[in-house]
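A structural walkthrough
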Amino acid sequence: MGRGIRIIIAGMALVAPVVQAGVAEITDRQVRDSIQKGVALLKSRQNPDRGNWPPYQGGTERGGLTALCTLALLNSGVPPDDPSIRKSLNYLRSLGTPQRIYSTSLITMVLCAGDPAKDRMLIRRNVKWLEAAQIDTGDFEKGAWGYTSRHAPGDNSNSQFALLALNEAQRVGIQVSPRTWRLALHHWRRTQRADGSWAYRTTARGSTPSSGSMTCAGIASMVIASGNLGSGGARVLNDHVRCCGDADEANEIQRGLRWLGKVFSVHSNPGTRSWLLYYLYAVERVGRMTGHRFIGRHDWYREGAEMLVSQQDSFSGHWKGNGAVERSNELIATSFALLFLSKGRRPVVIAKVKYDDSEQWDLHSAGVPNLTRQIEMIWHRDLTWQTVDLEAASVEDLLESPVLFLSGRKSLRLTRDQEDRLREYVNQGGFIFAEACDGNGCQGKGFDVAFRALMRRLFPESRMRLLPSDHPVWFADGKVDPKYLRPLYGIDACCRTSIVYCPKNLACFWELSSVGRESPYSKSVQAEIEACMQIGRNVVAYATNRHLKEKLDRPTVVSGEMESMKRGRGVLVIPKLSHGGGADYAPSALANLLRFVHQKIELRVLAEHRLVDPTSKTLIEYPILFMHGRRDFRWNAAQRKAVADYIQNGGFLFADAICANEQFASAFRREMAAIFPGKKIERIPVNHALFSDEYGGFDLARVTLNDPQSHQEGDKLESRRTRVAPLLEGLQVDRRLAIVFSPNDISCALESNASLQCKGYIKTDAAKIGANIILFALEQ
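In what follows, the accompanying structure is described. (Residues numbered from 1 in each chain as written. Predicted model: local features only at pLDDT ≥ 70, side-chain atom pairs only at ≥ 80, totals over all residues. Heavy atoms only, no water.)

Taking strand neighbours across the sheet as the criterion, the three strands line up as β20-β19-β23 in an open arrangement whose pairing is antiparallel. In this open sheet, the two strands that pair with only one neighbour each are β20 (719-724) and β23 (760-761). Note that strand β19 (residues 703-708) and β23 share two bridges and pair antiparallel. Counterpart to Leu 705 in the pairing with β23 is Tyr 761. (Pairing = 2+ DSSP bridges. Helix = DSSP H or I, 4+ residues; strand = E, 2+ residues; numbered from the N terminus.)

Take a look at the structure:
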């Protein structure tokens, strides 16, 4: 989508959903299984020869049902080269001249989602036909569409489908006249009711009742039309980019969302007794296009998915909705259900942070949506973005997004609680991407000073540094034109930079991006826009490693509740063993592991930071010692003897090489050989009890390993994730396994997340491996 109208969400706080005790939440696997059943149902009803689906009895939309079923299959993950899709596309191509709005709109959306390069001429033909069919006279109907031509009575259902089709066409590079968008925007503004809702039809003589489906249509249509007109705060004047301008405020969208939040339900279409699944398909558009995880107090996708999975026919895989059409035609009902489930489950790649009630947190509101759209195109993956309200969000809510984007130009003022949540978000593996809106007409010094001060308060032991040219943020997803580089600063946590800050405008240029369209700007302006987009893509690729959690998967939050636990009998304390090779390089790794053990296994532990020298007299007090590092080190004779005494007296040592650092791994093996001459550290067999749940831990037969791929300087960074048997090495002392070492990273994953450059286990598996090692050690 292009630059968009500002979407105000003041007063629409992000709140946590209420989860009933004892009720199992819907999982992504359940949704995927449900989608597959629905896909199988649609495929089974397709005409194997012609490739179409039987038309709805009494229906007049030639090809409309076939297009709807095909659109549902494509969005459900069926590829364009699948035989069922190839057949249906060939059928739709054969239908000839457009005749009706619904069918032409659906066919256009299918052609855009299938093979737009091949069908470019057909898409352009349909766009011209839809533009010509738009009503351009009258008071309430001007800018609307009816069932056939501009002479037919207009309605908001046909109107929204026409806009959906035109928007998809614009996204694949077919130009739509600005006049079409302006007329549509006029219509939707004119027909909104005072309470914020929309009805199916509004005329000078009256209107039909308001409904949830039509209000969703109004909200999404406002976003589409305004977005394609470019109503944001970024402008190009006399070949110069100007930022922080006045944007059109979408009060209509705000009022529509407020009305919808008050009446929201996933069990009925508010205001009517029919078209439940048609309404849910519209709800998905509203949530996705406005970046809202919640509508009112409702987690719309989770609630809708739970309802749909529970209502699906377990034998055939079909759905039935409300009203005559959805109850009598399983193909229509199933297609709408699949569109909600598949499009709504797109993973979140980035979230804008609303940190106050002013407008400065979102001065260029279409910037992040445009960046997300371009990332989708580059990664060949459907993604989404969200807005998170820092005042209402918990750490778990923040962790729903792998990247938080903070932006502004004035002084940034957060409460102590908000600062604590941001700090904990980063400590739990989150990533902050921030910009000061400065330059190009913006005055961002206030934000710059305030953000740097905030970082000093949150991370006093870490220094914000200027990121050098060899840092991956400059090439993680592609090279940045050196002519348009901006300074990027970062704060490091373990193996990666967890905060990236740009003191100059980025989102302003993202907002100007013509994603999927011909650029209206000069070559120099377009080059600067693309450089800023490349920086954004690089930072997101670096932050996420291009691996995102599924939308319904709850983030793993390592709670700090056990911090108040007192020392004493029955409370496990594990210190770090000091050395000269980066003994405390991942300071939170061990504490996070112990919190995980406390939560998942209910073991009483004290996550207290202790760094002890091997010669410390307190060593014998601890049943387990932990160590990690990422460079060479060497102990002296006294330290080696102290470690030998500790192990021979029944102690246990657990170690890992941060980011699979070979210098540390070689040094650790060398020191163990010096301490225990004649003994060799060897790989622990994969059938060892350590990898099982025998001691109350986890089955670790297969784990996920993040493996960076070799690259030449400046090339795009790639990493591969594979399921493997865990690699652990061990040393037997007095016939017991007393030392366990992981040459692959565990600590960096526990500290933050698996880094794009770090060979090691993903965070969940790193925690499980660590937990199993601790439980095994306690039994020795």
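After presenting the structure, the write-up continues.
A few words now on the nonpolar core. Counting 92 residues, the largest nonpolar core has Leu 42, Leu 260, Leu 280, Leu 308 and Leu 341 as its most contacted members. By residue number, the principal contributor to this core is helix α10 (residues 276-290), which donates ten residues. When sequence neighbours within four positions are dropped, the list of residues in contact with Leu 341 reads Val 31, Ser 34, Ile 35, Tyr 301, Ala 305, Leu 308 and Trp 319. Grouped together as the second largest cluster of nonpolar side chains are 50 residues, Leu 371, Val 525, Ile 529 and Leu 717 included. (Core = buried A, V, L, I, M, F, W, Y, C linked by side-chain atoms within 4.5 Å. Buried < 20%, exposed > 50% of the residue type's maximum accessible area, 1.4 Å probe, protein only. Contact = heavy atoms within 4.5 Å.)

Now for the environment of Gly 230. One can find Gly 230 in the loop between α8 (212-229) and β3 (235-237). Note: C-alpha distance between Gly 230 and Glu 511 (281 residues apart in sequence) is 8.4 Å.

It is worth spelling out α8 at this point. Its 18 residues give α8 an end-to-end C-alpha distance of 26 Å, which sits within 8% of 26 Å, the value for a rise of 1.5 Å per residue. Here α8 lies mainly inside the structure; 17 of its 18 residues are buried. Looking one or two residues past α8, Gly 230 carries a phi angle of roughly 70 degrees, positive in sign. (Expected span 1.5 Å × (residues − 1).)

Attention shifts here to the packing of helix α1 (residues 28-44) against helix α11 (residues 300-311). Each pair of packed helices gets described by two things: the angle between the helix axes and the distance between those axes. Relative orientation of the contacting elements α1 and α11 amounts to 50 degrees, with a least axis distance of 10 Å. Between α1 and α11, the angle is such that the two are oblique. Of the two possible hands of crossing, α1 and α11 adopt the one that is left-handed. Each of Gln 30, Val 31 and Ser 34 in α1 lies in contact with α11, whose residues at this interface are Tyr 301, Ala 305 and Val 309. Looking at the contact of α1 with α11 residue by residue, the classes come out as four nonpolar, two polar and no charged. (Axes fitted to C-alpha atoms, helices over the stretch in contact; angles between N-to-C directions. Parallel < 35°, antiparallel > 145°, perpendicular 65-115°, else oblique. Left-handed = near helix turned anticlockwise from the far one by under 90°. Nonpolar A, V, L, I, M, F, W, Y, C, P; charged D, E, K, R; others polar.)

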